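Breakdown of the fold
Given next are the chains, with one letter for each unit.
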Amino acid sequence: MAALLEVVGVSKRFSGLKAVEQVSFNVPEGEIVGLIGPNGAGKTTCFNLIAGVQRPDQGVIKLGGARIDGWRPDQICRAGLARTFQLVKPFAGLTVMENVIVGALNRTNSVRAAQQISGRVIQQLGLEGKRDQRAASLTLPDRKRLEVARALATAPRILLLDEVMAGLRPTETDHMVALFQDLNQRLGLTILMIEHVMRAVMALSRQIVVLHHGQVIAAGAPEAVTRDPAVLECYLGEDAL
Amino acid sequence: MRERLLEGVPRQGVILLSALLAVLLLVPAVASDYLLTVGILILYFAYVGQAWNLMMGYAGQLSLGHALYVGLGAYAAAALYVHFGVTPWIGLWAGMAIAAAAGGGIGYLAFRFGVAGVYFAILTIAFAEFARLGFDHWPWVGGSAGLFLPVANFANNDLVNLRGSPTMFYYVMLTMTAAAFVLCHALLRSRAGYYWLAIRESPEAAQALGVDLFRYRMYVVVLSAAMTSLGGVVFAFYYNNLFPEQVFHISRSIELILAPIIGGIGTLFGPLIGAFLLTTLAEALGEAVRAVGIDVPGVKQVFYGVCLLLVVMFLPDGVWPPLAKALKLDRRSADRSSER
Amino acid sequence: MPASILVNVAVSGLLTGFIYGLMALGLSVIFGVVRVVNFAHGEMMTIAMYLAVVLFSAYHLDPLLMMLPIAAVLFALGYVMQRGLINPFIARPEHSQFMLLVAVALIIVNSLLLIFGPDARSVQTSYAYDSFQVGPIIIDATKLYAAAAAAAVAAGLFAFFRYSLTGKAIRACADNYQGALVVGLDVTRLYALTFGLGAACVGAAGCIMVLLLDVTPALGPSYTLLAFVVVITGGLGSMPGALLGGMLIGVTEALAGLLFTPSAKSMFAFGMLVLVLLFRPQGILGKSAS
């Protein structure tokens, strides 16, 4: 299966601190890949590098075969990559609907068309009842859902999810997992997800990449990775398995 | 922008708006000359306030040097008229082009170099001051001695050259203010409008959703500048004299942002309400003070300052949002305000 | 143009620059600690200037001698302003804080206009026309005393922040707000203290400035802007930067006034501001983007 997202030898330093070092992995088209690792491993930095918020010091990032390292985030989004933020950034003064419309406008100039797209996405994420509520007044789980809805509305080829399950109750987590499975199987949406909630990672990922101190220490099928001694060592004390 | 203009506006809103328009149209028929000039002032501040509101209320960029664009529009049209007899209807295009270029220039410098927030505001102040000092030393526009337009007979209303009675100016200003209102209403529901609001709320999130920050910030700055300059054209032909010291002065810039702030940043009605409240109350205060016998310069401005202070402290979103709520006119899709 | 004239003008500008520096120092301290942009800075200086004028014309008290009492009055004003007015605004969006102080500035300028009228007032000291001669350089006595006073106040401020316990506490607040709260510092009081100090600085600067300039109410906004230019050039949040910026602006202004037209001299200050904002926004001595 062709790789939709290729990360090759990417490194990034911040004032002498190596956040990400020689990281390489692929996300095949139509698959869900999990990116895990202890806090501070460099996962969000990877996302920021892929999404264009930061520029890698070294390495190449390709989306659908075209190089995107050095592109601006909005250019990368138009090319088909959407991401959510770990610390959600809703458009606080706008309603849920308006928030999602901004995302939908990525693919259409018509606000009316965007409204229709947004209506569908809002339903998928279960936010239908809060359409006209201001984002500032939403609970955290709803804000997370909004974050995902907005990103989905941009009609991406690949969706980067940054710890979307954190803070959700198990039933909510299951709902999200089901949603992503559905989008993946029905629409072929490729997903790269940073997650600590192992329940979700194991349920969704076909492949897992493990990051530790900015380097990839393991990659492969979930069963294999979760038994890898190196991985167990870095997670020692974490009772998530 | 093929959406129907009145879609989403609640019924009472349409009725009230029509009533308001009717009242405004009839004012010259019943008002004295003095009240007419007050009306012109209100409309002027509503208009330039709306233009400033585009940048601040919609795109979140604080400009404290907007008098620059008023001045450029004013001087361009006036100078062309005085030196070449060019009608202001053509002169205004020169004014808009120059103001747009200036806005574009400032925007380019600011956005390319990441100058934002307070620093951006200071940059805008600096450019307005630059213009003030520059025009002071420019003989072709009269320098610090000023540029004077030939005062014409009030009886003849010459619309082509904008020479005429207060009534004529009133209708000109009313048309402009109404047009600005309609334009902003349409813009708010357009793709650009959504993108601007997104940039105001969270530039990083906006970027992650495909919004080209630089491009949309530039759009709003250039549009705001061009719109403001038209107000300057009317200013020049109404007052018939221009002095750099006054036209570009920072107090002008502060003055024109008072109405939208007090009325409500980011709302359509804010600038209008703000202009109305501020101007009428200030005039009333002036009258009262004169009646008591103290006629000292500065009273009006202290009043403005106190109003601004009170609004900033207790009504941070301006007067319009709570008013709209009370009148049940605050349908979200018609009028978005930034409540934080 | 003979070099001696250039040198004379430059020296004169340098001395004036000390006073700009002192004024900007107040702004820098306020911004560096409380993180509020004091848009009423120049207006506060104008208050001090008028106080000095009034005391001089009523009791013939030299402004330099009145520096301490007037600075104390401004200190109280700043303290009360921060405590009462500005404190609730710390968490509000930037433009709200800005507008609050714009409103204050508007009120101050026009209240002064109401009270004193638009005509210029000045202070004519006995040494107004004295000068010293050092080689080819002629130094205005007033300017020299003014610069010396400014330097003394600045030195006092530096010492306070370096060596006193309160000064260190204030620096702690600036460095790490949460940390300061955790160790039990009364941040609200310290913020008010800092604003008071910044106001006192600008009050002292006003006393000194009145020896060199006539005061009108309209002076306020120009000097607020100048203070910003100085602080941004020298580096927001850097005390030595404020002084350095002041001297730099003082010299460039003076030379520009000589080489071009006097009234255009502030254009160079703005030119410098634009260049700094574009290419080195942290200023000459400031720390890189926070």
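Residues numbered from 1 in each chain as written. Chains lettered and ligands numbered in written order. Predicted model: local features only at pLDDT ≥ 70, side-chain atom pairs only at ≥ 80, totals over all residues.

For chain B, the count of helices and strands is 14 helices and two strands. Against the globule reference of 20 Å for 340 residues, chain B gives a C-alpha radius of gyration of 20 Å, in line with a compact fold. By principal-axis analysis of the C-alpha atoms, chain B measures approximately 55 × 45 × 40 Å. For chain B, buried positions account for 53% of its 340 residues. For chain B, long-range pairs separated by at least 24 residues make up 75% of all intrachain contacts whose partners lie at least 6 apart in sequence. (Helix = DSSP H or I, 4+ residues; strand = E, 2+ residues; numbered from the N terminus. Rg over C-alpha atoms; globule rule 2.2 N^0.38 Å. Buried ≥ 20, exposed ≤ 12 C-beta atoms within 10 Å, placed from the backbone. Contact = placed C-beta atoms within 7 Å.)

This part takes up the overall build of chain A. The secondary structure content of chain A amounts to nine helices and ten strands. Over its C-alpha atoms chain A spans a radius of gyration of 17 Å, differing by no more than 12% from the 18 Å that the globule rule assigns to 241 residues. For chain A, the spread of C-alpha atoms along the principal axes amounts to about 50 × 40 × 35 Å. When burial is assessed residue by residue, chain A has 46% of its 241 residues classed as buried. Within chain A, contacts between residues at least 6 apart in sequence are counted, and of these 65% link residues at least 24 apart.

Right, let's talk about the interface of chain C and chain B for a bit. Every contact between the two is made by 32 residues of chain C and, on the other side, 34 residues of chain B. Those elements that provide at least two residues to the side of chain C that touches chain B are α4 (94–116), α9 (219–234) and α11 (265–279) of chain C. With 15 residues, α4(C) is the largest single contributor of residues to the side of chain C that touches chain B. When grouped by side-chain class, the residues that make up the side of chain C that touches chain B number 24 nonpolar, seven polar and one charged. (Nonpolar A, V, L, I, M, F, W, Y, C, P; charged D, E, K, R; others polar.)

Before going further, it helps to examine the packing of helix α3 (residues 96–104) of chain A against helix α4 (residues 111–124) of chain A. All names here are of chain A. Here α3 crosses α4 at 115 degrees, and the two axes come no closer than 8 Å. Taken as axis vectors, α3 and α4 run roughly perpendicular relative to one another. Handedness of the α3/α4 crossing: right-handed. Counted together, V96, M97, V100, I101 and A104 of α3 and V111, A114, Q115, I117, S118, V121 and I122 of α4 form the full contact between these two elements. (Axes fitted to C-alpha atoms, helices over the stretch in contact; angles between N-to-C directions. Parallel < 35°, antiparallel > 145°, perpendicular 65-115°, else oblique. Left-handed = near helix turned anticlockwise from the far one by under 90°.)

All names here are of chain A. If you walk across this open sheet you meet the four strands as β2-β1-β4-β5, and the pairing is antiparallel. The two strands at the open ends of the sheet, each matched to only one other strand, are β2 (17–28) and β5 (66–67). When strand β4 (residues 58–63) meets β5, the two strands line up antiparallel, connected through two bridges. By the bridge assignment for β5, L63 is matched with A66. (Pairing = 2+ DSSP bridges.)

All names here are of chain A. With mixed pairing, six strands are arranged side by side in an open sheet as β6-β7-β8-β3-β9-β10. Each having just a single partner strand, β6 (81–83) and β10 (215–220) make up the two edges of the open sheet. The average angle at which neighbouring strand axes cross in this sheet is 15 degrees, direction not considered.

As a further point, take the interface of chain A and chain B. Between chain A and chain B, the residue contacts involve 25 residues of the former and 23 residues of the latter. At the level of secondary structure, the elements contributing two or more residues to the side of chain A that touches chain B comprise α2 (73–78), α3 and α4 of chain A. Looking at side-chain class alone, the side of chain A that touches chain B contains eleven nonpolar, six polar and eight charged residues.

Time to look at the environment of M45(C). Residues and elements named next belong to chain C. By the secondary structure assignment, M45 is in helix α2 (residues 41–59). The exposure class assigned to M45 is buried, which follows from the 32 C-beta atoms found within 10 Å. Between the alpha carbons of M45 and M23 there is a distance of 8.0 Å; along the sequence they are 22 residues apart. Discounting chain neighbours no more than four positions away, the residues touching M45 are M23, V202, A205, G206, M209 and Y223.

Moving on: helix α11 (residues 250–263) of chain B. Residue and element names in this part refer to chain B. With 14 residues, α11 extends 21 Å between its outermost C-alpha atoms, agreeing within 8% with the 20 Å of an ideal straight helix rising 1.5 Å per residue. The sharpest bend along α11 reaches about 30 degrees and sits at I257, with the proline P260 one to four residues further on. For α11, the buried fraction is high: eleven of the 14 residues fall into the buried class. Directly beyond the C-terminal end of α11, a positive phi value near 140 degrees is found at G264. (Expected span 1.5 Å × (residues − 1). Bend = angle between axes of the 7 residues up to and from the residue.)

Quick look at the domain arrangement of chain A now. All names here are of chain A. Taken domain by domain, chain A holds domain 1 (1–75 + 176–241) and domain 2 (81–155). If you average the C-alpha positions of domain 1 and of domain 2, the two centres end up 24 Å apart. Listed as interface residues are five residues of domain 1 and, on the opposing side, four residues of domain 2. Per-class residue counts for the side of domain 1 that touches domain 2 are four nonpolar, one polar and no charged. (Domains from an automatic or database assignment.)

The next point concerns unusual backbone geometry. In this structure, H213(A) is a non-glycine residue whose phi angle is positive, near 50 degrees. Positionally, H213(A) belongs in the loop between β9 (207–212) and β10. Despite not being glycine, R35(C) has its phi angle at roughly 60 degrees, a positive value. Mapped onto the elements of the fold, R35(C) is located in the loop between α1 (3–34) and α2.

As a further point, take the arrangement of the chains. Of all two pairs of chains in contact, the one with the most contacts involves chains B and C. Of all C-alpha pairs spanning chain A and chain C, none lies closer than 12 Å, and the two are not in contact.

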